[in-house]
Amino acid sequence: MSPAPMYWNPYLETLPQPELEKLQLAKFRRMVKWAYERSPFYGELYRKAGLIPEDIKTMDDIRLVPKVDKALLKTAQEREPFPYGGLLCLPLEKVAEFRQTSGTTGKPIYQADSWQDWEWWSEAWCYILWAQGYRPSDRVFFPFGYNIFVAFWAGHYAAEKLGCEVVPGGVLDTRSRILKIQELKASALMGTPTYLLNMARLAKEEMGLDPAELGIKRITCAGEPGASIPATKNRLQKTWGAKVYDHAGATEIGAWSYECQDQSGGLHVNQAMFLVEIEDMITGEPITEPGQKGKMVITALDRLAQPCIRFDSNDIIQWAGKTCSCGRSFKLIQGGVLGRADDITKVKGVLLSPAAIEEVVRSFDELGDEYQVVVEKINDNDRITLKVELFPEALDQKDAILKNLADRLRLNTNLGYHLEAHEFGSLPRYELKARRFVDLR
Ligand SMILES: [Zn+2]
């Protein structure tokens, strides 16, 4: 069996693309061989496909390797050893970290990481934080309770690894978190866009504090695509008086992309640690040129205990048609993660993405941060109800605002909506992943 590979190389972010591809191919081959030899699941999958690791000689050969998805990984975990099953490539006693997926789209997947994998996680997050201007002088506040989900754990360790001072504010309630940020003069913050908006609202309305005066300089968002949706990003930046950066990651994959300080309208893919492919949603053909959206297929190039090789993530992304002014050679995806393939639904024959609705709603200053979309069938016709919250001071212009909103929505999504204005504060609030889109058909 091949020995455990190492990943470290400090010069990767600016390597020219051909060099990066060479590195990716070498790492990909090594990863497939590792999984083929050690994981009963991957070994069987590849043997059934008639594939041996030596078959992969060029970047094009990568497509010979069968893809995996959530359902397949979950089935593989029904075997021994419990709870990771046939995915495990190391003896159980080498597993140092347990995490699981949230299971919102089915049963959760249990994720094993060795200590080396955990260092790999924080290394991936170091790319994110450094690119977003985090330095050892930062005092980073985490308004977040850690648990079985990976959210912000790795961000925490990466901030420590960079030499930042880390303040874990998990067990505090929102009010105490705000007071702690003020007391300690924290300079950076991490959270979901939704929670950070709610936090700011509470500071303003119930505590008489202006979040923009708390001294937060940078915010890293995760968990929802909001920080890449321009209207949400603007709202967060204005409210907190800070630069707001997006990143994308997932339990089964790792932290694979990030926005840099140049905020060029996209996320850099960490090509040194991940191989991202984009496929046409219908034909499955590879998309290598900018301007066409597709589904992401991703490989974590150094993850050992429980590998992620050609994972069909269901994320919709597209390549950007430019390089970034920051000097990093890592490719950009335009506008971040654009949605999930299973979130994009057909309504009245038109493709509707929840992100498109969010962009419109949050561009209206008269509307609160929360909204809810319900799609249902009424007498054989699809009806989309959009519930928004109106600020009390905007109540007397309700009709005009709703009319404007309807016009903008029609323009941006080509659909008509049944609009409902609700009292501010009456729609559900979310701390973790928001559930704003309900399809009842
Ligand atoms: Zn950049």
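Since the structure is predicted, the reported quantities are computational estimates derived from the model, not experimental observations.

**So, unusual backbone geometry**
Moving on, step 1. Here the bond from glutamate 80 into proline 81 is cis, since omega is -10 degrees, no more than 30 degrees from zero.
Moving on, step 2. The omega angle of the peptide bond from phenylalanine 82 to proline 83 is -5 degrees, so this bond is cis rather than trans.
Moving on, step 3. Summarising the element assignment, proline 83 is placed in the loop between helix H3 (70-76) and strand S1 (95-100).
Moving on, step 4. Even without glycine at this site, phenylalanine 152 takes up a positive phi of about 70 degrees.
Moving on, step 5. Among the structural elements, phenylalanine 152 can be located in the loop between strand S3 (139-142) and helix H5 (153-162).
Moving on, step 6. Unusually for a residue other than glycine, aspartate 380 sits at a positive phi of about 70 degrees.
Moving on, step 7. A residue is classified by how much of its surface remains accessible, and aspartate 380, at 69% relative accessible area, is exposed.

**Examining the coordination of the zinc ion**
Four donors placed tetrahedrally around a metal ideally meet at 109.5 degrees, and six donors placed octahedrally ideally meet at 90 or 180 degrees.
Moving on, step 1. For the zinc ion, every protein donor is listed as Cys260 (SG), His268 (NE2), Cys324 (SG) and Cys326 (SG), and the spread of their distances is 2.1 to 2.3 Å.
Moving on, step 2. Its 4 donor atoms give the zinc ion angles of 103 to 118 degrees at the centre, a pattern that matches the tetrahedral case.
Moving on, step 3. Expressed as a motif, the donor residue spacing for the zinc ion is C-x7-H-x55-C-x1-C. A residue pair is termed long-range when its members are at least 10 positions apart, and cysteine 260 in the loop between strand S9 (254-258) and strand S10 (266-269) and cysteine 326 in the loop between strand S13 (311-317) and strand S14 (332-334) qualify at 66 residues.
Moving on, step 4. Using a relative accessible area of 27% as the deciding quantity, one classes cysteine 326 as partly exposed.

**Notes on the nonpolar core**
Moving on, step 1. In this structure, Phe28, Tyr42, Trp125, Trp256, Phe274 and Ile309 are the most contacted members of the largest nonpolar core, which totals 80 residues.
Moving on, step 2. Per element, the largest residue contribution to this core is 10 residues, and it comes from helix H4 (residues 115-131).
Moving on, step 3. Counting residues in hydrophobic clusters, the runner-up holds 23 residues, among them Val167, Ala200, Met207 and Ala242.

**Details of the domain arrangement of the chain**
Moving on, step 1. Domain annotation of the chain identifies domain 1 (1-275 + 297-309 + 317-340) and domain 2 (345-439).
Moving on, step 2. In this structure, domain 1 and domain 2 have C-alpha centres spaced 30 Å apart.
Moving on, step 3. Across the contact, 22 residues belong to domain 1 and 23 residues belong to domain 2.
Moving on, step 4. Carbon and sulfur atoms make up 48% of the surface buried where domain 1 meets domain 2, a total of about 1,800 Å² over both sides.
Moving on, step 5. Contact with domain 2 buries area across many residues of domain 1, yet Thr194, Ile229 and Arg235 alone supply 28% of it, more than any other trio.
Moving on, step 6. Scanning the region where domain 1 abuts domain 2 turns up 2 salt bridges.
Moving on, step 7. Aspartate 369 serves as the salt-bridge partner of arginine 235, at 2.7 Å between the closest nitrogen and oxygen.

**Let's talk about the layout of surface pockets**
Left-over empty space is what a probe sized like a water molecule reveals as it rolls over the atoms.
Moving on, step 1. For the second largest pocket, the calculated volume is near 570 Å³.
Moving on, step 2. Lining the second largest pocket are 22 residues, and of these Lys293, Leu338, Ser353, Ala355 and Ala356 lie nearest its centre.
Moving on, step 3. Looking at the lining of the second largest pocket, the elements with two or more residues in it are strand S17 (350-352), helix H9 (354-361) and helix H10 (398-413).
Moving on, step 4. Counted by class, the lining of the second largest pocket contains 14 nonpolar, 6 polar and 2 charged residues.
Moving on, step 5. When we break the lining of the second largest pocket down by domain, the ones giving at least three residues each are domain 1 (1-275 + 297-309 + 317-340) and domain 2 (345-439).

**Overview of the pairing of strand S18 (residues 367-378)**
Where a strand is regular, its side chains alternate between the two sheet faces.
Moving on, step 1. Most of S18 is tucked away: 10 of the 12 residues are buried.
Moving on, step 2. From the end of S18 to the start of strand S19 (residues 381-390), which pair antiparallel, there are 2 residues, and asparagine 379 there has a positive phi angle of about 50 degrees.
Moving on, step 3. As judged from the 3 bridges shared by S18 and strand S21 (residues 437-439), these two strands associate in the parallel manner. Residue valine 373 lies in a different strand from S21, and its bridge partner there is phenylalanine 437.

**With respect to the pattern of salt bridges**
Once the charged atoms of two side chains with opposite charge are near each other, the side chains can pair.
Moving on, step 1. Scanning the entire structure with this criterion turns up 30 salt bridges.
Moving on, step 2. Salt-bridge contacts for arginine 139 lead to glutamate 165; the nearest nitrogen and oxygen are separated by 2.9 Å. Of this pair, arginine 139 sits in strand S3 while glutamate 165 sits in strand S4 (residues 165-168), and the two are 26 residues apart along the sequence.
Moving on, step 3. Since its relative accessible area comes to 26%, arginine 139 is described here as partly exposed.

Here is what the cut-offs are and how they apply
Residues numbered from 1 in each chain as written. Predicted model: local features only at pLDDT ≥ 70, side-chain atom pairs only at ≥ 80, totals over all residues. Heavy atoms only, no water. Helix = DSSP H or I, 4+ residues; strand = E, 2+ residues; numbered from the N terminus. Buried < 20%, exposed > 50% of the residue type's maximum accessible area, 1.4 Å probe, protein only. Donors = N, O, S within 2.8 Å, 3.2 Å for Na, K, Ca; no water. Tetrahedral: all angles 85-135°; square planar, octahedral: opposite > 155°, others 65-115°. Core = buried A, V, L, I, M, F, W, Y, C linked by side-chain atoms within 4.5 Å. Domains from an automatic or database assignment. Contact = heavy atoms within 4.5 Å. Buried area = accessible area lost by both parts, 1.4 Å probe. Salt bridge = Lys/Arg side-chain N within 4 Å of Asp/Glu carboxyl O. 1 Å grid on protein atoms, 1.4 Å probe; cavity = no way out; pocket = protein on both sides within 12 Å on 5 of 7 lines; lining within 4 Å. Points joined across faces, edges and corners; volume = space filled by probe spheres on them. Nonpolar A, V, L, I, M, F, W, Y, C, P; charged D, E, K, R; others polar. Pairing = 2+ DSSP bridges.

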